[in-house]
Amino acid sequence: MKLVSFKGVPVVRGNVDSLPRKVLTFLEHDVELCQPAFIHICDGSDEENRLMLDILIAEGIVQPLPKYENCVLAHTDPRDVARVESKTFISTESQREAIPVPKPGVKGQLGNWMSPEDLDVAIKKRFPGCMKGRTLYLLAYCMGPMGSPLSKFGIQATDSAYVVACMRIMTRMGMQVLDAMGDSDFVRCLHSVGCPLPLKEPLRRDWPCNPDLTLIAHKTATNEVMSFGSGYGGNSLLGKKCFSLRIGSAIARREGWLAEHMLIVGVTNPEGVKRYLVAAFPSQCGKTNLAMLTASLPGYKVECVGDDIAWMRFDEKGQLRAINPENGFFGVCPGTNNKTNPIAMETIQRNTVFTNVAKTSDGGVFWEGLEEDLPKGVSITSWLGEENWQPGSERPAAHPNSRFCVPACQCPTIDPNWEDPAGVPIDAIIFGGRRPVGVPLVYESLNWQHGVFVGATVSSEATTAAEYSGHEVMHDPFSSRPFLSYNAGNYIGHWLEMEKPGCKMPKIFHVNWFRRDSKGKFLWPGFGDNIRVLDWILRRCSDEKEDIAQMSPVGFIPKKGSINMEGLENPVDWNELFDLPKDFWMTEVDNIEKYLTDQINEDLPPEMLKEIQDLRQRFSQY
Ligand code: GTP
Ligand code: SPV
Ligand code: MN
C-alpha cells in the first residue's frame, strides 16, 4: 500500500485532505516543528481505540486487566505522577495581566508568568525534533455537549498513544467533531512527552517523559497550550485543566461567564423537588465523591452532571446554567471502595484506563481502601512493581494520586440532563476544603459579595495531586489556585461583576467534611452522609422559609438540630462540628488579610478589604 504523505511525513491513518483549513495550518506548523516519523489523524472509533491499546500493550506502557471488561493499567515513571505546578506557566505580554505583583519581598504564589520572548526560547529549546521516530496523533475534540452553544472546540497534537486513549474518554473526540467544526475557531494544544527516538537514556518503567525539561505553557491571548515532558493527567490531557480551566477562564472573563473547578450535581428530595448545585473543592478534596454520592437519607437521590469542571453563565432569564465540558472522569483511586463510593466502583468495571494503581494476581486492581474487597488468596504487585506486596508495608500499594479514567456515560447515576445543550439550572454554589480545625461543617454567606470573599479565601491541607508533601493548610482561592490564568485580583473582580440586576444570584455556602477531634479523628462521617448537609443547603434555597438558620460571625449556620441526623451510624457532636473558636478565627482573619494583601496587593478589589474588616468586627464582638 502506498502511503499518502504530508510535508514528507507518511500519514498512517486518516485523511489530511479532509481537514478544515485552519486545522491543516496548525498541523503543518506542528509537523515542521516536531518532525514526527508518522502522522495519524484520529477518528475516535472503537477500532482505533483497540489499535491504540494494542500499541500501548506492545510497548509495555499498559497491561490488560483480564478481570474486567476492556480495562488497562498504566504505570508511569515514578518522576511523572502528578501535575507540576512549578513548571506551569501563563504567558502574556504584561506580567500583571497573568499574575498579581506581590508586596515587595513577598514571593508570589498565584501562578507563574513567562514573557512571550522567554516562552519562544523555551519552546525552541524543547520542541524542535521532539517527535523524531514517533507518531504525531492529531485529535479534534469538543469540550461540552456536541451542538451546545456553550461548548468549545480543541485540537491537540500529541506523540503519546496513552494520551489519545485517555482523551477519547475525557472529551468528545473524533470525526464527528472535525465535521462539526468546519472553520470554527479552536484551542490549539501541542503536547510531547519529550523523548525523541533513538532514546538518549533508557526509559524508566517503559514510560516516556522528560522531567528535567517539563513545561506546561499557556498563551491565553491566542488560546494556545504547549506541554512538554510529562505524560500524566492534567499535564498531558490538555482538554482538562489547561483548556477547560486555564484557557477557559480567560475566555470566560472576556465573554462574561465562569469556568470553574467545580462538580455539578442534581439533588432530588423525598417530595420530588430537584435542584442542581455546584461545588468547588481543591484537588483531592472530595469533588468526585460528592458528585457520585449515594444518599444515606431515605428518599433522596443525587445525580451526577460532572465531577471536576463547570462552565456557567446566566441565561436570558437571569438563571445561572452550567455544563460539564468533560466527557469522562479522571478520579482518585485510593479511598474509593464499595462503602465510600459504590457508584464509582460500578462505573469503573469497564472501558477504564487505570494509572499507578497496584495489580492483583487475578488480573484486577488494588489500592488503599480496597482491603475488604480483596478476594482470598490473591497476591498484590504494587504500582512500583514490588511483588507480593503486603498490607502495612512501608510504601503504599498504589500511588496516592493514582487515577481511573472512565467514560461519564457509564456512571449509573449520570443525570438525564447531563448533556443538555442549555446546561442545568444552578441554585447553590458550595466552596470547601480540608480544614482540620476551626471551620464548621457548613455555613452560608450573607450575600453575593460575602460569598465571593468565602470563595477567595478557600484554604485546604496540601494533597498529592501536585508536587506537594505534608499537610500544611494552603490558601487556594476558588479552589483554582493551580488553574488561574489571569491576575487573581481580576478573578475576584470578575466574580463580583457577575452580580447584575435581573440575574438570580445563587446562594453561596462553605462546607468542611474534614474537621478533626482532639484525637485526630474526623468529626463527620462524610461521603453518603454529606446528603444531610446538601439537604440543609437546598432547604435554604427553597422558597418555603423554614426557621433553620441563625446568624454567626462567619455567616448563617444551621440552628441546632436543623440538619437531619436520623439514622447516623455513630452519633456526631453538634457543638464540636459548629464551634467557632474565637482565637482561631481572629488568627484566621489576620492570615487572610496578610495573604490577600501580600499576594494580590494593589489588584485586590476593595470589597475584599471591607469583608475582612467586617469579619474581624463580627468576631471581636463574639
Ligand atoms: P481531584 O480529582 O484531584 O480534583 O479530587 P476530588 O476533589 O475529586 O476528590 P475525591 O472525591 O477524589 O476525594 C479525594 C480523597 O478524599 C479520596 O481519598 C476520598 O476517599 C476522600 N474523601 C472524599 N470525600 C470525603 C468525605 O466526605 N470525607 C472524608 N473523610 N474523606 C473524603
Ligand atoms: C486535579 O489535580 O485536580 C485533577 C487531576 O483532577 S489532574 O487532571 O492531573 O489535574
Ligand atoms: Mn476528582
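Values in this document were obtained by computation on a predicted structure and should not be read as measured data. (Residues numbered from 1 in each chain as written. Chains lettered and ligands numbered in written order. Predicted model: local features only at pLDDT ≥ 70, side-chain atom pairs only at ≥ 80, totals over all residues. Heavy atoms only, no water.)

S.K.: Describe the site of ligand 1, and please don't skip the residues or the numbers.
M.R.: Lining the immediate surroundings of ligand 1 are 22 residues, of which Gln284, Gly286, Lys287, Asn289 and Arg403 lie closest. Asparagine 289 places a polar side-chain atom, nitrogen or oxygen, 2.7 Å from an oxygen atom of ligand 1. Take arginine 434: an N or O atom from its side chain is 2.9 Å from an oxygen atom of ligand 1. Coverage of ligand 1 by the protein amounts to 91% of the 650 Å² it exposes when considered alone. The element contributing the most residues to the shell around ligand 1 is helix H9 (residues 287-291), with three residues. Of the residues belonging to the shell around ligand 1, the class tally is nine nonpolar, nine polar and four charged. (Near = heavy atom within 4 Å. Polar contact = N/O pair within 3.5 Å; in protein donor to acceptor, adjacent residues only side chain to side chain. Areas by Shrake-Rupley, 256 points an atom, 1.4 Å probe, with all protein chains shown as cover. Helix = DSSP H or I, 4+ residues; strand = E, 2+ residues; numbered from the N terminus. Nonpolar A, V, L, I, M, F, W, Y, C, P; charged D, E, K, R; others polar.)

S.K.: Explain the pairing of strand E9 (residues 152-158) to me, and be specific about the residues and the numbers.
M.R.: With seven of its seven residues buried, E9 lies for the most part within the structure. The side-chain alternation of E9 yields two buried faces, one formed by Lys152, Gly154, Gln156 and Thr158 and the other by Phe153, Ile155 and Ala157. Where strand E8 (residues 135-143) meets E9, seven bridges bridge the pair, whose relative direction is antiparallel. For tyrosine 137, the partnering residue across the bridge sits in E9 and is threonine 158. Summarising the sheet, E9 and strand E11 (residues 187-192) pair through five bridges and their orientation is parallel. (Buried < 20%, exposed > 50% of the residue type's maximum accessible area, 1.4 Å probe, protein only. Pairing = 2+ DSSP bridges.)

S.K.: How would you sum up the site of ligand 2? Please name residues and give values.
M.R.: Surveying the vicinity of ligand 2 reveals the residues Arg83, Gly233, Gly234, Lys240, Lys241, His261, Ser283, Asp308, Phe330, Arg403 and Ala465. At a separation of 2.8 Å, an oxygen atom of ligand 2 approaches a polar side-chain atom of arginine 83. Within the contact set of ligand 2, an oxygen atom lies 2.4 Å away from a side-chain nitrogen or oxygen of serine 283. Here ligand 2, which alone exposes 280 Å², has 98% of that area covered by the protein. If you list the elements that add at least two residues to the shell around ligand 2, you get helix H7 (233-236) and helix H8 (239-255). Looking at the shell around ligand 2 residue by residue, the class counts come to two nonpolar, four polar and five charged.

S.K.: Could you give me a rundown of a nonpolar patch on the surface, with the residues and numbers involved?
M.R.: On the surface, a cluster of nonpolar side chains totalling about 210 Å² of accessible area is made up of Leu3, Val12 and Phe38. Residue placement: valine 12 occurs in strand E2 (residues 9-13). (Patch = residues over 30% accessible without salt bridge, like charges linked within 9 Å, V, L, I, M, F, W, Y side chains within 5 Å. Salt bridge = Lys/Arg side-chain N within 4 Å of Asp/Glu carboxyl O.)

S.K.: Could you give an account of the pairing of strand E18 (residues 310-314), with specific residues and numbers?
M.R.: With four of its five residues buried, E18 lies for the most part within the structure. Pairing of strand E14 (residues 258-260) with E18, which is carried by three bridges, proceeds in the antiparallel orientation. Bridging across to E18, glutamate 260 finds its partner in alanine 310. In the sheet, E18 pairs with strand E19 (residues 320-323) via four bridges, with the strands oriented antiparallel. Looking at E19, one finds that phenylalanine 314 is bridged to leucine 320.

S.K.: Run through the sheet that holds strand E24 (residues 380-381), naming residues and quoting values.
M.R.: In spatial order, the strands read E23-E22-E24; together these three strands make up an open sheet with antiparallel pairing. Each edge of the sheet is formed by a strand with only one pairing partner; in this case those strands are strand E23 (365-366) and E24. Of the strand pairs in this sheet, strand E22 (residues 358-360) and E23 are connected by two bridges, and their pairing is antiparallel. Within E23, the residue paired with alanine 358 across the bridge is phenylalanine 366.

S.K.: A description of the domain arrangement of the chain should follow, citing residues and the corresponding values.
M.R.: Domain annotation for the chain reports domain 1 (9-42 + 87-255), domain 2 (259-324 + 418-580) and domain 3 (330-410). Between the C-alpha centres of domain 1 and domain 3 there is a distance of 29 Å. Where domain 1 abuts domain 3, roughly 920 Å² becomes buried across the two surfaces, and 67% of that area is made up of carbon and sulfur atoms. Considering only the surface of domain 1 that becomes buried against domain 3, Ile169, Arg205 and Tyr232 emerge as the three largest contributors, covering 59% of it. Linking domain 1 with domain 3 are zero salt bridges, by the criterion used here. If you tally residues by element for the side of domain 1 that touches domain 3, the top one is helix H5 (residues 161-170), at four residues. Of the residues contributing to the side of domain 1 that touches domain 3, the split by class is six nonpolar, one polar and two charged. (Domains from an automatic or database assignment. Buried area = accessible area lost by both parts, 1.4 Å probe.)

S.K.: Lay out the packing of aromatic side chains in plain terms, naming residues and giving numbers.
M.R.: One pass over the structure, following the stated rule, counts 23 aromatic pairs. Ring geometry for phenylalanine 281 against tryptophan 513: centres 6.3 Å apart, planes inclined by 85°, an arrangement best described as edge-to-face. With phenylalanine 281 in the loop between strand E16 (274-280) and H9 and tryptophan 513 in the loop between strand E30 (507-511) and helix H13 (531-541), this residue pair connects regions lying 232 residues apart in the sequence. Pair check on accessibility: phenylalanine 281 and tryptophan 513 agree, each one buried. Pairing tryptophan 585 with phenylalanine 619 gives two aromatic rings, centres 5.3 Å apart and planes at 5°, and the pair type is stacked. Remark: phenylalanine 619 occurs in helix H16 (residues 606-620) and tryptophan 585 occurs in helix H15 (residues 582-599); sequence separation between them is 34 residues. With respect to burial, tryptophan 585 and phenylalanine 619 carry one shared label: buried. Taking NZ or CZ as reference, arginine 516 lies 4.2 Å from the ring centre of phenylalanine 522, over its face. Looking at arginine 540, its charged tip hangs above the ring of phenylalanine 556, at a distance of 5.3 Å from the centre. (Phe/Tyr/Trp six-rings, centres within 6.5 Å; stacked < 30°, edge-to-face > 60°. Lys NZ or Arg CZ within 6 Å of the ring centre and 35° of its normal.)

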